[in-house]
Amino acid sequence: MKDILSEIIKHKRIEVEMQKQAISSEHLRAQVDVLMNENSPRRSMKKALAASTTGIIAEFKRRSPSKGWIYEAADAEQIPAAYEAAGASAISILTDEKYFGGSLRDIRIARPLVNSPILRKDFIIDEYQLFQARIVEADAILLIAACLSREECSRLTARAHALGLEVLLEIHSPSELSYISQEIDMIGINNRNLGTFVTDVENSFRLAGQLSQAVVHSHEPSAKIPENLPLLVSESGITHPETIRKLRMTGFRGFLMGETFMRTEHPENTLKEFISQTYPTQGY
C-alpha cells in the first residue's frame with residue numbers, strides 16, 4: 001500500500017531547500033529577532049485547552065492527500081474567526097500547500113482576527129520552518145514523531161521553546177512513546193494511520209492506556225492537568241459527541257477536528273451544533 005507520509009516528507013525536504021534558496025535562514029532569523037525584541041503577545045495553547053470546557057481545536061483544512069478537496073474555496077479571513085466565535089478553544093491551520101491546499105499566508109491572514117492560540121500544522125523537519133511559524137505569529141507547532149528521530153525531535157522542541165512556540169508532539173504507535181519527555185507541552189495521539197491515512201479513533205484509547213500514569217493521571221473529567229505535565233490531545237477521526245465525552249474520561253483535554261466541520265457549507269455552525277450536542281447542559 002502506498003506510504004503517503006514518506007511521499008510527503010520527501011517532497012517537504014525539497015520544498016524547504018527551495019524556500020531557503022529564495023529567502024535565507026539568516027534573513028528569517030533576523031526577522032524573528034526583531035519580533036522577539038518587540039515582545040509580541042504569546043498565547044498558550046496548552047493553557048487554553050486545560051482551561052476550556054470543550055477543548056476543541058477546530059482545523060482550517062482545504063484538502064486531504066487521501067480524499068482530495070474538502071473545501072477548496074475556504075477563506076482564512078472568515079472561517080478561523082467564525083470558529084472562535086462558535087466556541088473553539090484553539091485553531092489549527094494546515095500550511096502544507098501541495099497535499100493540503102494551505103499556506104503560511106492563511107495564518108498571516110487569520111492572526112489579526114482571532115485571539116485564540118493558533119497551531120501551525122505542517123510536516124516540520126527543519127528549524128527554518130520554526131522561524132516561519134514565529135514570523136506569521138503562530139503560537140504552537142506540530143512535531144510528528146514518525147517524521148523525526150528522537151534527537152531531531154528534542155532539538156526542534158528546544159528551538160521552538162526558545163522562539164516562544166509551544167510544541168504538540170504527535171504520536172500514532174506504541175513505538176513512539178519514547179519520544180515523550182518533560183519538555184513536551186502537549187501529546188497528540190493521531191487516530192490516522194500516517195502511511196494509509198485510514199482513521200481509527202480507538203487508537204487514542206489504546207495508546208492512552210499505555211502512557212505513564214503521570215500523564216494520564218485522572219479519570220475525572222473536571223480534573224485539571226498540572227502545568228508541568230503534557231496535555232493529551234486526540235487527533236483525527238472524531239465525528240460523534242459521545243467520543244469526546246469518553247476521551248475526556250480517559251484523560252484527554254484537547255480534540256483536534258477538521259473534516260467534520262470543513263465538509264459542511266458553514267463549518268462554524270457545524271462546530272457550534274457539535275458543541276451543543278457534546279455538552280447539552282452547559283448552555284452552548
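In case you missed it, the structure is sitting above this.
Here's what I pulled together on the structure shown here. Because the structure is predicted, anything quoted here is derived from the model rather than measured.

### Overview of the packing of helix H4 (residues 79-86) against helix H11 (residues 267-278)
Two elements in contact, H4 and H11, have axes separated by 8 Å at closest approach and are oriented at 20°. With respect to each other, H4 and H11 are oriented roughly parallel. Helix-helix and strand crossings are classified by hand; for H4 and H11 the assignment is right-handed. Here Ile 79, Ala 82, Tyr 83 and Ala 86 of H4 lie close against H11, whose contacting residues are Pro 267, Glu 268, Leu 271, Lys 272 and Ile 275. Each residue belonging to the contact of H4 with H11 can be placed in one class, and the counts come to 7 nonpolar, no polar and 2 charged.

### Points about the packing of aromatic side chains
What the rule picks out here adds up to 3 aromatic pairs. Among the aromatic residues, ring-to-ring pairing joins Tyr 83, Phe 261 and Phe 274 into one connected group. Sitting over the face of the ring of Trp 69, Arg 63 holds its NZ or CZ atom 5.3 Å from the ring centroid.

### Topic: the pairing of strand S4 (residues 90-94)
The element S4 is extensively covered by neighbouring structure, given that 5 of its 5 residues are classed as buried. Neither face of S4 is open: one carries Ala 90, Ser 92 and Leu 94, the other Ile 91 and Ile 93, and all of them are buried. As paired elements, S4 and strand S5 (residues 118-121) share 4 bridges and run parallel to each other. Within S5, the residue paired with Ile 91 across the bridge is Ile 118. In this region the chain leaves S4, passes through helix H5 (residues 104-110) and returns to the parallel neighbour S5; the handedness of that crossover is right-handed.

### Points about the sheet that holds S4
Pairing within the closed barrel is parallel, and its 8 strands lie in the order S1-S4-S5-S6-S7-S8-S9-S10. Geometrically, the sheet is characterised by an average inter-axis angle of 25° between neighbouring strands, direction not taken into account. Packing against the sheet, helix H7 (residues 150-162) makes contact with strand S6 (140-144) and strand S7 (166-171), and its axis sits at approximately 155° to S7. Against the sheet, helix H9 (residues 241-249) engages strand S1 (56-60), strand S9 (231-235) and strand S10 (254-257), with an angle of about 150° to S10.

The rules behind these values
- Residue numbers restart at each chain and count upward from 1, following the sequence in its written direction.
- Only residues with pLDDT of 70 or above have their local features reported here, since the model is predicted, and side-chain atom pairs are shown and tallied only from 80 upward, although totals for entire chains, interfaces and linings are computed over all residues.
- The basis for the side-chain values is all heavy atoms of the structure; hydrogens and waters are excluded.
- Whenever a helix is involved, its axis is fitted only over the stretch in contact; in every case the axis is a line through C-alpha atoms, and angles between N-to-C directions fall within 0 to 180 degrees.
- Helix and strand assignments come from DSSP, with helices taken as H or I runs of at least 4 residues and strands as E runs of at least 2, each series counted from the N terminus.
- Working rule for angles: under 35 degrees goes down as roughly parallel, over 145 as roughly antiparallel, 65 to 115 as roughly perpendicular, anything else as oblique.
- Note on convention: the crossing is left-handed when the near helix lies turned anticlockwise from the far helix by less than a right angle, right-handed when the turn is clockwise.
- Residue contacts are defined here by distance: any two heavy atoms, one from each residue, within 4.5 Å place the two residues in contact.
- Any residue outside Ala, Val, Leu, Ile, Met, Phe, Trp, Tyr, Cys, Pro, Asp, Glu, Lys and Arg is labelled polar, Gly included; the first ten of those are nonpolar and the last four are charged.
- Two rings from Phe, Tyr or Trp (for Trp, the six-membered ring) form a pair when their centres sit within 6.5 Å of each other. Planes less than 30 degrees apart are called stacked, planes more than 60 degrees apart edge-to-face, and all others tilted.
- In this scheme, the term charge over a ring applies when either NZ of a lysine or CZ of an arginine sits within 6 Å of the ring centre and within 35 degrees of the ring normal.
- Three exposure classes are used, based on accessible area relative to the maximum for each residue type with a 1.4 Å probe and protein chains only: buried under 20%, partly exposed in between, and exposed over 50%.
- Note: two strands are recorded as paired if DSSP finds a minimum of 2 bridges between them.
- For the handedness criterion, the strands are oriented away from the viewer, and a crossover whose path from the first strand over the helix to the second runs clockwise is classed as right-handed.

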